[in-house]
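Reading the structure
Spelled out from the first residue to the last, the chains are:
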Amino acid sequence: MSVKAFELVPAVEREQLMGEKVRITIECIECCGQHLYVGTNDCFIYHFLLEERTTAKGRLAYSSQKLLQKYLGLKKPVAELKAASALERLIVLCDATISLVDMVTLEPLLSGGAKLKGVTAFCINENPVTADPFCAEMAVVSTRRRAVQICKVHEDRVQILKEVNTLEQPCALSVDGYFLCLALPTQYMILNYSTGASQDLFPYDSEERKPIVKRIGREEFLLAAPGGLGMFANAEGISQRAPVRWSESIIGAAVCFPYVVALDEGFVTVHSMLDQQLKQTLSFREGHILQDFEGKVVLASTKAVYVLVPLPLEQQIQDLLAGHRVEEALTLTEGAQRNIPKDKFQILHKRILQQAGFIQFGQLQFSEAKEHFRKGQLDVRELISLYPLLLPTSSSFTRCHPPLHEFADLYHLAQGDQEKVQRCKNFLISYLREVRSSESANGFREDVDTALLKLYAEMGHDSLLDLLASENACLLADSAPWLEKHHRYFALGLLYQYNGQDAAALQLWVRVVNGDLQDSTRADLFEYVVDFLSSCSNLDLVWKYADWALQKDQKVGVQMFTRRPISKEPSGQLNPDDVIKYLEKHHKALVLYLEHLVLERRVQKEKYHTHLAVLYADLVLSLLSRTSATREQLSSAREKLQRLLRESNLYRVQLLLGKIQESSELLTERATLHGKLEEHDKALHILVHQLKNSTAAENYCSWASESHDQAYRQKLFHQLLSVYLDPDVPGGAQTMEAVDLLNRHADVFDATQVLELLPESWSLPLLRPFLCGALRASVHASRTSQIALGLARAENVQLKHDRLKYRGGPVFISEKRGCQLCHNTFKEPECVCLPGGTPVHVHCAAQRIQDSPTKRWLDHPHTSNHT
């Protein structure tokens, strides 16, 4: 892939050098700053002054002025010229002799020490090992022996420091520090002339091609290898760069980072050291010299001198980008980092990455584009600005100048391809999501969020609601018209809500629910509005839309009151009395709200419980009076009423009893109310004789006694048994119901009392289950009490044992043992035990206790009280 990296600019024309002399040819050149020295085949040295100038087109050009020329008088070609600028000397190789020439006057130094004979080649050590600034180091190949001489050049003499032997006579050489890179007739090698260590590199036939050895950096050399390869080698003999492939007929080579410039018989080729690719080819006939001097690449034909002027790096990079050669441009940029100041490089690198990102964006290579945008720290508004109308009208953003891309906008990029437009929009959505979750959006979050909202709204993206429901910086003035344009009314309401405009949000949502505006975002928008009102702190709004919601659906609408969280702030609380009063015209909602207060929130207020019970009773009575009422409706209504009557203790019982007293169908409810009044006989009479439901009667006894003790429960069941056995009621005693009651609940009854109540005519087999159960219960109770008694006795014994253990061990006395106080033997078992377990007579202890030292022991807190 070609790139224009250099321009060939004439420096010294033929007429300036030799005039009409046809046979004169250039043999060598040397450049030191603005001074150019040319050695010719007729033993002349020419001194030119090169001046740089810029043409009207902004290109670099050179003009040369001949200052001096000098004939050396040897009638041999000048083979090599090297400048030692610190000494103001030219080192000249002519006729196998090195001599020193004054750089200004070109006069040779005539002293004997200023010459060195028998030399075929030499090179200057640009990384000298000595610290003397007023001398130069060089390596010399001797014609007389297989050796390389290390020399030091002074102003007036050349001093040989060391001679290093080689296996063969070197053809070419270069030196860096202590390391010599030598081209022998058959191979290249690295030689450390300080230690003598050597490293063979690779074979090479010098008879076929001229060897090339060029120092290109600290301890690194460029060599012409077989097969048309330019090989790199460091001082350890290792190649740390990939080789470049140049011509087989290479004449000379030079390095102008990041390029390797090579000269062959008809062309100058330029290869990149970064990717080893051929970048440029320049036609150049009769060329035979190519050298680089402090970054300046100079070419010479046999008659004229030229300079290869490198184009500015930025221009090369921009040319690559213009050809959409992104990777090459980035490689060139990163490779040139060492030649550019850090601050300037960072600015350049970021811009190149951004440009590369836009190129790949235009090619729909979105993942690569995103990565370059991220690394280049792109101002995301540059990307947003490609999409018409996405940036807020209040944004102060202006595009970068010079521009980072060639697109006017997205539609210019897509050229009418709607699929491409859609893909670009999807990419921007994903990129903006990443940007807003990072710190790169700081400072222009409003632009990012507003653009993202507009894209979501335009494309009907599901994430629109997520954006508006979370923390965002969408601008209301820009976003509202856009959402309205695309009929995203629910999202617009969320935006109003986020910006504290609850009234505007509700007004919009109500219009959608009523069908005035069309938006299918949420099918349950009415439920959402009710839920929103249930958490709305503005009570005026709640009351404003309460009637609308209740008229729409009482069951859902009442949830604005029932779902309302308990607020610690009085301003956010709704008074239940106010709500109940308001709901009087909405009967269904009123019932639901009272159920919420009584059954869910467990509000312990008589008026709420009574009100709910009355509404339940009214509903049941209403259903009983309506022939169209179904069995399911009546059953459900009665179940609610019965449950409330059983579970609540706060309603006004007499009021409800009077309300349902006349209804012959609400016998269960009446029985429950009598139970609340402790009128169990009436309740049981209703259940047994009017309702004739023995199961309900037994359940009543269990319910009425569940919060009382066993005695109360027994009393209720005995009372039920008495009702069953009452012969004075119509139909007489209910024998079978009484038998079933006794047999099912034998454990509840007192068997003695039951036997006294039962008629003597009843047979024992009829009561066998009851009697067996009673007997079993009696035996069980007896045995349980015996076990409890035994356990209590064992516990008592254990406690006595623990007490004795705490009080101390036994004291042993006998008739043979004497008292320690009177020394008489014991006649009786009574004694007093002194500390330490010593027994004494009781009277001895009482007699001596006042004036005896024993008193101190008796008063001691650990004295034993065991007698």
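As the structure is a computational prediction, the values presented were derived from the model and not from experiment. (Residues numbered from 1 in each chain as written. Predicted model: local features only at pLDDT ≥ 70, side-chain atom pairs only at ≥ 80, totals over all residues. Heavy atoms only, no water.)

1. Topic: the overall build of the protein
Scanning the protein for helices and strands turns up 31 helices and 30 strands. At 58 Å, the protein has a C-alpha radius of gyration far larger than the 29 Å of a compact globule built from 867 residues. With the principal axes as the frame, the protein shows a C-alpha extent of 165 × 115 × 55 Å. Relative to its 867 residues, the protein shows a buried fraction of 47%. Of the contacts made within the protein by residues no fewer than 6 positions apart, 49% connect residues no fewer than 24 positions apart. Accessible surface for the protein amounts to roughly 45400 Å². Of this, 49% is attributable to carbon and sulfur atoms. (Helix = DSSP H or I, 4+ residues; strand = E, 2+ residues; numbered from the N terminus. Rg over C-alpha atoms; globule rule 2.2 N^0.38 Å. Buried < 20%, exposed > 50% of the residue type's maximum accessible area, 1.4 Å probe, protein only. Contact = heavy atoms within 4.5 Å. Areas by Shrake-Rupley, 256 points an atom, 1.4 Å probe, with all protein chains shown as cover.)

2. Digging into empty space enclosed by the protein
Per the stated rule, a full pass over the model turns up 3 cavities of 30 Å³ or more. Each pocket or cavity is described by its volume, and for the largest cavity that value is around 70 Å³. Lining the largest cavity, in full, are Val3, Tyr259, Ser272, Leu274, Asp275, Lys279, Leu320, Glu328, Thr331 and Leu332. By residue number, the principal contributor to the lining of the largest cavity is helix H3 (residues 326–335), which donates 3 residues. (1 Å grid on protein atoms, 1.4 Å probe; cavity = no way out; pocket = protein on both sides within 12 Å on 5 of 7 lines; lining within 4 Å. Points joined across faces, edges and corners; volume = space filled by probe spheres on them.)

3. Quick look at helix H12 (residues 489–498)
Turn by turn, an α-helix covers 3.6 residues, leaving residues three or four places apart pointing in a common direction. For H12, the buried fraction is high: 8 of the 10 residues fall into the buried class. When we look at burial in H12, the residues that qualify are Tyr489, Phe490, Ala491, Leu492, Gly493, Leu494, Leu495 and Tyr496. Backbone geometry just after H12 places Gly500 at a positive phi near 80 degrees.

4. So, the pairing of strand S15 (residues 179–183)
Counting buried residues along S15, 5 of its 5 residues qualify, which places the element largely inside the surrounding structure. Going residue by residue along S15, you find Phe179, Cys181 and Ala183 tucked away on one face and Leu180 and Leu182 tucked away on the opposite face as well. What sits between the antiparallel neighbours strand S14 (residues 172–176) and S15 is a turn of 2 residues, in which Gly177 has the positive phi angle 60 degrees. Pairing of S15 with strand S16 (residues 187–192) involves 5 bridges; the strand directions are antiparallel. Bridge assignment links Phe179 to a residue of S16, and that residue is Asn192. A loop of 3 residues connects S15 with S16, the two strands running antiparallel in sequence. (Pairing = 2+ DSSP bridges.)

5. Comments concerning unusual backbone geometry
In this chain, Phe257 is followed by Pro258 through a cis amide linkage whose omega measures 5 degrees. Inspection of the secondary structure puts Pro258 in the loop between strand S22 (252–256) and strand S23 (259–263). A cis amide bond, omega 0 degrees, links His401 with the succeeding residue Pro402. Within the secondary structure layout, Pro402 lies in the loop between helix H6 (380–384) and helix H7 (410–414). The phi dihedral of Leu364 is positive, around 65 degrees, even though this residue is not glycine. Within the secondary structure, Leu364 sits in the loop between helix H4 (342–362) and helix H5 (366–375). Judged by relative accessible area, Leu364 falls into the buried class, the value being 18%. For His487, which is not glycine, the phi dihedral falls at a positive 60 degrees.

6. With respect to the confidence of the model for the protein
Here the protein shows a mean pLDDT of 87. Residues at 70 or above account for 96%. With pLDDT under 50 throughout, residues 860–867 is counted as low confidence; its partners more than four residues away or in other chains account for 10 contacts. (pLDDT = per-residue confidence, 0-100.)

7. Some remarks on the nonpolar core
Within the largest apolar cluster, 111 residues are counted, with the highest numbers of intra-cluster contacts made by Phe361, Phe373, Leu383, Leu432, Trp509, Phe561 and Leu583. Ranked by the residues each element gives to this core, the list is headed by helix H20 (residues 606–625), at 9 residues. Setting aside anything within four residues of it in sequence, one finds Leu383 in contact with Phe358, Phe361, Phe373, Leu378, Phe427, Leu428 and Tyr431. (Core = buried A, V, L, I, M, F, W, Y, C linked by side-chain atoms within 4.5 Å.)

8. Some remarks on the side chain of Ser272
Locating Ser272 in the fold gives a position in strand S24 (residues 267–272). Taking relative accessible area as the criterion, Ser272 reaches 4% and is therefore assigned buried. Of the polar contacts made by the side chain of Ser272, one reaches the backbone nitrogen of Leu274; its length is 3.0 Å. (Polar contact = N/O pair within 3.5 Å; in protein donor to acceptor, adjacent residues only side chain to side chain.)

9. Description of the sheet that holds strand S26 (residues 287–293)
Spatially, 4 strands are ordered S1-S28-S27-S26 in an open sheet, and the strand pairing comes out antiparallel. Each edge of the open sheet carries a strand with a single partner, namely strand S1 (6–12) and S26. Each adjacent strand pair in this sheet contributes to an overall mean axis angle of 25 degrees, direction not counted. Note that S1 and strand S28 (residues 305–310) share 6 bridges and pair antiparallel. Among the inter-strand pairings, Val9 is bridged to a residue of S28, identified as Val307. (Axes fitted to C-alpha atoms, helices over the stretch in contact; angles between N-to-C directions.)

10. Overview of the layout of surface pockets
Of the volumes computed, that of the second largest pocket is approximately 310 Å³. For the lining of the second largest pocket, the secondary-structure elements that each account for two or more residues are helix H19 (587–600), H20 and helix H21 (631–647). Of the residues contributing to the lining of the second largest pocket, the split by class is 7 nonpolar, 3 polar and 4 charged. (Nonpolar A, V, L, I, M, F, W, Y, C, P; charged D, E, K, R; others polar.)

11. Let's talk about the pairing of strand S11 (residues 136–142)
With respect to burial, S11 is a largely interior element, 7 of its 7 residues being buried. Side chains of S11 alternate between two faces, with Ala136, Met138, Val140 and Ser142 and Glu137, Ala139 and Val141 buried alike. Direction of pairing for strand S10 (residues 119–124) relative to S11: antiparallel, over a ladder of 5 bridges. By the bridge assignment, Ala121 is partnered in S11 with Val141. Counting the residues between successive antiparallel strands, the hairpin from S11 to strand S12 (residues 147–153) contains 4 residues.

12. Comments concerning the packing of aromatic side chains
The geometry of an aromatic ring pair is captured by the separation of the ring centres together with the interplanar angle, meaning the angle of the planes. The full count for this structure, using the stated rule, is 24 aromatic pairs. Ring centres 5.2 Å apart and planes at 65 degrees place the aromatic pair Trp543 and Tyr582 in the edge-to-face group. Here the residue Trp543 occupies a position in helix H15 (residues 539–552), and Tyr582 occupies one in helix H18 (residues 576–582), the gap between them amounting to 39 residues. On the basis of relative accessibility, which here comes to 29%, the residue Trp543 falls in the partly exposed class. Above the plane of the ring of Phe232 lies Arg241, whose end atom (NZ or CZ) is 5.9 Å from the centre. (Phe/Tyr/Trp six-rings, centres within 6.5 Å; stacked < 30°, edge-to-face > 60°. Lys NZ or Arg CZ within 6 Å of the ring centre and 35° of its normal.)

13. Re the sheet that holds S23
A sheet is described by the order of its strands in space; here 4 strands give the open sequence S22-S23-S24-S25, paired in antiparallel fashion. Every other strand in the sheet has two partners, leaving S22 and strand S25 (278–283) as the edge strands with one partner each. This sheet shows a mean twist of 20 degrees between the axes of neighbouring strands, independent of strand direction. Two elements, S23 and S24, share 5 bridges in a ladder whose sense is antiparallel. Looking across to S24, one finds that Val260 is bridged to His271.

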